[in-house]
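Analysis of the macromolecular model
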Number of protein chains: 2
Amino acid sequence: MKIDPNSPADLSAQIANAIRDAIIAGALIVDERLPSEAELSEQFQVSRSTVREALKRLAAQSLIRTQRGATGGAFVNRLSFEDAYSQQVTTSTLLLSMNAVSFDTACEARYALERACAPLSASRRSADQLATMRAEIFRQSQPGLTDEAFCASDVAFHRALVDGAHNPVLSYQLAGAVEAMQPLMNMITFTARDRAVILALHGRIADSIDSGDGDRAVAELTALEDETRKLAADVFARRATRAAQS
Amino acid sequence: MKIDPNSPADLSAQIANAIRDAIIAGALIVDERLPSEAELSEQFQVSRSTVREALKRLAAQSLIRTQRGATGGAFVNRLSFEDAYSQQVTTSTLLLSMNAVSFDTACEARYALERACAPLSASRRSADQLATMRAEIFRQSQPGLTDEAFCASDVAFHRALVDGAHNPVLSYQLAGAVEAMQPLMNMITFTARDRAVILALHGRIADSIDSGDGDRAVAELTALEDETRKLAADVFARRATRAAQS
DNA sequence: CTTTTTTCATTTGTCAGACATTTAAAAGTC
DNA sequence: GACTTTTAAATGTCTGACAAATGAAAAAAG
């Protein structure tokens, strides 16, 4: 681990990268304790503040955790799917909102990924996951549900579908795509008729998963994608009309 | 943005979260300049070091960038797909290595996601992306190629396939899955016969994409997945045998 | 001897103040 | 007007200090 004091990059960034690379390379293993801040500052020949800034950078990426006290210090963190999941959601959300990703693009990606899960979910889903899907469908059928609650239930439904594949890697990858779309989905106002159509599609998707028919689930998901895009197109068309009039 | 000095969490973490939430909520927009460190330390009633640690946390997530000098400061960063992409790769790599994700699980996720891209890629890929696929296939046919170089070319081939879908969200999501698997793939040693089989499958995939036949591309990808898993199974079986003998 | 309490050393968290470095704008010079 | 110099503002780094947490060792109690 070498540091160049004349590099344009901040010392704290260099140190953080050096430690991160050591973790990736396996030189530092999970739960291993890093040297104390005082020792690190001596090793790298920098002040303790600089070391601390480097450690905070790593902590922000869940690569280390710190503990105070006599036997405390910084420890290499086992990156859990949960940690990665929440980071993935914020990153994806910001990506969509900051880069003006169109609704169609996000929607296409989301359903393409979901269709990838459907066959696996159809053959593996637990009874519990199927029950969750049914429960969310029931919730969506309740009158008086706000649009936001409807969207939230929609996310829960699709998460159960994805988790049914019992592949944590897939669940992790999809989490961002599905949850990050929620702000976009929330722009849509659902009429009673819209909800009925979606509800019917959700029901048919659950039935397909229930009967283990992956191909049919894929087809129903495609139908749901078409429906979603049609709804969004209507919303944007109405907005454009209003904007032109005013 | 309120900070609780009695919270168990570090002040710097609280401040970082407050600023992050403001960015997500849109209260701070892209390229907007945050108050100077001195001003922030007064606003939050903490020392400048604490503010700095908070800012380093945000910088580690590419949420802000800092600039020195008279008109310098911390600016809200436009999170680019490239930034997110590299973070995604490191996170995915660590997830796989630290959580003992099986080769089969990772492989299944990867090919499921790739199959999701295939139909889109078949109908949209640019001539350039198809040329890249062909070029990588040619490179893979060269004798004397190391296993690592073969794997790297494999990644490039699949990236071209994915990018052919022309959906940045899909490319971003898949980047992690494909690149993070490279260390696992590198454990496999390819015999000349293995390479010939893979090469033939790559050729057929490229042909499918070329002719716009998404369904066939999906089928060929499935065949490639089967082949990859068979190779991996052989490797692990040989290892188990050697381990039992020694 | 065992259990409980106290003390203590270690380590992170926070603060205050200082200086170095970078940078662009303002002021000065020709 | 064009160029150079100065200046002010901001981040980057260093030093030293104290607070707070925490486990371990030492001391006290039974």
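The shown structure was predicted, so the numbers you read here are calculated from the model rather than taken from an experiment.

**Topic: the overall build of chain A**
Scanning chain A for helices and strands turns up 11 helices and two strands. Of the regular secondary structure in chain A, the N- to C-terminal order runs α-α-α-β-β-α-α-α-α-α-α-α-α. Against the globule reference of 18 Å for 246 residues, chain A gives a C-alpha radius of gyration of 24 Å, more extended than a compact globule. In terms of its C-alpha atoms, chain A occupies a principal-axis envelope of roughly 70 × 50 × 30 Å. When each of the 246 residues of chain A is scored for burial, the buried share is 50%. Sequence separation of at least 24 residues holds for 71% of the intrachain contacts in chain A that already meet a minimum separation of 6. Accessible surface, chain A as shown: approximately 11,300 Å² in total, 52% of it carbon and sulfur. The positive charge centre, built from 26 side chains, and the negative charge centre, built from 31, are 3 Å apart in chain A.

**Some points on the UniProt feature "domain: HTH gntR-type" (unreviewed entry) in chain A**
Feature annotation in UniProt places "domain: HTH gntR-type" (unreviewed entry) on residues 9-79 of chain A, given in this structure's numbering. Regarding residues 9-79 of chain A, the helix share stands at 49% and the strand share at 11%, and the terminal C-alpha atoms are separated by 26 Å.

**Side note on the interface of chain B and chain A**
Interfaces are often sized by the amount of accessible area the parts lose when they come together. Chain B puts 48 residues into the contact, and the matching count from chain A is 48 residues. Here chain B and chain A share an interface that buries about 4,200 Å² over both sides, 66% of which is from carbon and sulfur atoms. If you look at where chain B meets chain A, you find four salt bridges. A salt bridge links B:R52 to A:E53; its shortest N-O distance comes to 2.8 Å.

**Here we look at the packing of aromatic side chains**
Under the counting rule described, the total for this entry stands at three aromatic pairs over all chains. Both rings, one in A:F81 and one in A:Y172, keep their centres 6.5 Å apart while their planes meet at 70 degrees; by these two values the pair is edge-to-face. Of the two residues, A:F81 sits in helix 4 (residues 81-98) while A:Y172 sits in helix 8 (residues 168-180), which places them 91 residues apart along the sequence. Between the NZ or CZ atom of B:R110 and the centre of the ring of B:Y111, over which it lies, the distance is 5.1 Å.

**What about the confidence of the model for chain A?**
Detailed conclusions should not be drawn from predicted coordinates in areas where pLDDT is low. The predicted model of chain A averages 91 in pLDDT, with 97% of residues at 70 or higher. Confidence, expressed as mean pLDDT per element, reaches its minimum in chain A at helix 9 (residues 182-185) of chain A with 82 and its maximum at helix 3 (residues 48-60) of chain A with 98.

**Notes on the domain arrangement of chain A**
Domains assigned within chain A are domain 1 (11-76) and domain 2 (81-245). Distance from the C-alpha centre of domain 1 of chain A to the C-alpha centre of domain 2 of chain A: 40 Å.

**A word on the pairing of strand 1 (residues 64-67) of chain B**
All names here are of chain B. Here four bridges tie strand 1 to strand 2 (residues 73-76), and the two strands are oriented antiparallel to one another. Across the sheet, the residue bridging to I64 is V76, located in strand 2. Counting the residues that bridge the hairpin from strand 1 to strand 2 gives five residues, and of these G69 lies at a positive phi of roughly 100 degrees.

**What to know about the relation of the copies chain B and chain A**
Laying chain B over chain A is done by rotating through 180 degrees and shifting 0.0 Å along the axis; what remains is an RMSD of 0.0 Å. The symmetry that links the two subunits is that of a two-fold axis. Across chain B, the rotation axis passes nearest the C-alpha of B:R57, at a separation of 2.4 Å. The fraction of interface residues of chain B whose copies in chain A are also interface residues reaches 100%, indicating that both copies meet through the same surface.

**What about the packing of helix 5 (residues 103-124) of chain B against helix 8 (residues 168-180) of chain B?**
All names here are of chain B. Direction vectors running N to C along helix 5 and helix 8 enclose 145 degrees, while the axes themselves pass 10 Å from each other. Helix 8 is crossed by helix 5, and the crossing has left-handed handedness. On helix 8, the residues that touch R110, L113, E114, C117 and L120 of helix 5 are L170, L174, A177 and V178. Among the residues forming the contact of helix 5 with helix 8, the class breakdown is seven nonpolar, no polar and two charged.

**Remarks on helix 10 (residues 192-211) of chain B**
Residues and elements named next belong to chain B. Given a rise of 1.5 Å per residue, 20 residues ought to cover 28 Å, and the 28 Å separating the end C-alpha atoms of helix 10 matches this to within 8%. Among the residues of helix 10, those classed as buried are D194, R195, I198, L201, H202, G203, I205, A206, S208 and I209. After helix 10 finishes, the residue G212 shows a positive phi value of roughly 75 degrees.

**Regarding the environment of A:F150**
Residues and elements named next belong to chain A. Note that F150 resides in helix 7 (residues 147-163). Distance in space between the C-alpha atoms of F150 and E114 is 19 Å, their sequence separation being 36 residues. Apart from the residues within four sequence positions on either side, F150 is in contact with Q140, L145, F190, R195 and I198.

**Section: the protein's contact with DNA strand C**
Around DNA strand C, a shell composed of 24 residues is seen, among which A:R48, A:R68, B:L11, B:S47 and B:T50 lie nearest. Counted by atom, the contact set of DNA strand C within 4 Å of the protein is 74% sugar and phosphate. Within the side chain of A:R52, one N or O atom sits 3.0 Å away from a phosphate oxygen of DNA strand C. Between DNA strand C and B:D10 there is a distance of 3.1 Å, counted from a phosphate oxygen to a side-chain nitrogen or oxygen.

Rules and cut-offs
Residues numbered from 1 in each chain as written. Chains lettered and ligands numbered in written order. Predicted model: local features only at pLDDT ≥ 70, side-chain atom pairs only at ≥ 80, totals over all residues. Heavy atoms only, no water. Helix = DSSP H or I, 4+ residues; strand = E, 2+ residues; numbered from the N terminus. Rg over C-alpha atoms; globule rule 2.2 N^0.38 Å. Buried < 20%, exposed > 50% of the residue type's maximum accessible area, 1.4 Å probe, protein only. Contact = heavy atoms within 4.5 Å. Areas by Shrake-Rupley, 256 points an atom, 1.4 Å probe, with all protein chains shown as cover. Lys, Arg positive; Asp, Glu negative; His and termini not counted. Charge placed at Lys NZ, Arg CZ, Asp CG, Glu CD. UniProt positions renumbered as here; feature names shortened; annotations may be inferred. Buried area = accessible area lost by both parts, 1.4 Å probe. Salt bridge = Lys/Arg side-chain N within 4 Å of Asp/Glu carboxyl O. Phe/Tyr/Trp six-rings, centres within 6.5 Å; stacked < 30°, edge-to-face > 60°. Lys NZ or Arg CZ within 6 Å of the ring centre and 35° of its normal. pLDDT = per-residue confidence, 0-100. Domains from an automatic or database assignment. Pairing = 2+ DSSP bridges. Least-squares fit on C-alpha atoms with pLDDT ≥ 70 in both. Axes fitted to C-alpha atoms, helices over the stretch in contact; angles between N-to-C directions. Left-handed = near helix turned anticlockwise from the far one by under 90°. Nonpolar A, V, L, I, M, F, W, Y, C, P; charged D, E, K, R; others polar. Expected span 1.5 Å × (residues − 1). Near = heavy atom within 4 Å. Polar contact = N/O pair within 3.5 Å; in protein donor to acceptor, adjacent residues only side chain to side chain.

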